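Chain and residue survey
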Amino acid sequence: MRITGGDPGRLALAARHAADAGLEVWFSPFPCELSAEELLPYFATCADHAQEVGPTSSSPAVS
């Protein structure tokens, strides 16, 4: 399941629910109105959230 949005916390919550349901998760942040200076910290935060969801026994992959 592809999880897309702009709020890292909401993306992580949706990704966790999908992973818990046994779905393969594609964590896809989509920032719309961030400056170039805001992008790196934003994507770093998203990467941290994606790692926290990570693969589990019920979910084969989080990409």
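Everything that follows concerns the structure shown earlier in this document.
Residues numbered from 1 in each chain as written. Predicted model: local features only at pLDDT ≥ 70, side-chain atom pairs only at ≥ 80, totals over all residues. Heavy atoms only, no water.

Some details on the overall build of the chain
As a reminder of what qualifies: Under the DSSP-based scheme used, a helix requires at least four consecutive residues in state H or I and a strand at least two consecutive residues in state E, with every element numbered from the N terminus. Three labels apply to residues, based on accessible area from a 1.4 Å probe with only protein chains included: buried if under 20% of the type maximum, exposed if over 50%, partly exposed otherwise in between. Any pair of residues with heavy atoms lying within 4.5 Å of one another is described as a contacting pair. Note that accessible areas follow from Shrake-Rupley with a 1.4 Å probe, and for residues the cover is restricted to the protein chains shown.
A tally of regular secondary structure across the chain gives two helices and two strands. Ordered by position in the sequence, the α and β elements of the chain form the string β-α-β-α. A burial count over the chain gives 29% of its 63 residues as buried. A separation of at least 24 residues holds for 56% of the contacts in the chain among residues at least 6 apart in sequence. Total accessible area on the chain stands at roughly 4100 Å², and carbon and sulfur atoms take up 59% of it.

Let's talk about the pattern of salt bridges
Defined as follows: For this document, the term salt bridge refers to a Lys or Arg side-chain nitrogen within 4 Å of an Asp or Glu carboxyl oxygen.
By the definition in use, this model includes one salt bridge. One salt bridge connects aspartate 20 with arginine 16, and the closest N-O pair in it is separated by 3.2 Å. Taken as a pair, aspartate 20 and arginine 16 lie in helix 1 (residues 8-20) at a separation of four residues, close to a single helical turn. A residue is classified by how much of its surface remains accessible, and aspartate 20, at 48% relative accessible area, is partly exposed.

So, the packing of aromatic side chains
Quick reminder of the rule: In summary, the pairing rule links any two rings of Phe, Tyr or Trp, Trp by its six-membered ring, whose centres are within 6.5 Å, and it sorts them by plane angle into stacked for under 30 degrees, edge-to-face for over 60 and tilted for everything else.
This model, assessed by the stated rule, comprises one aromatic pair. Taken together, a centroid distance of 5.3 Å and an interplanar angle of 70° make the contact between tyrosine 42 and phenylalanine 43 edge-to-face. For phenylalanine 43, a relative accessible area of 38% gives the class partly exposed.

Thoughts on the pairing of strand 2 (residues 26-29)
Heads up, the condition is: We treat two strands as partners when DSSP finds at least two bridges between them. Every crossover in which the path from the first strand over the helix to the second runs clockwise, viewed with the strands pointing away from the viewer, is termed right-handed.
In this sheet, strand 2 lies alongside strand 1 (residues 2-5) in parallel orientation, the contact comprising four bridges. The residue bridging glycine 5 from the neighbouring strand is proline 29, located in strand 2. As a crossover connection, the stretch from strand 1 through helix 1 into strand 2 is right-handed.

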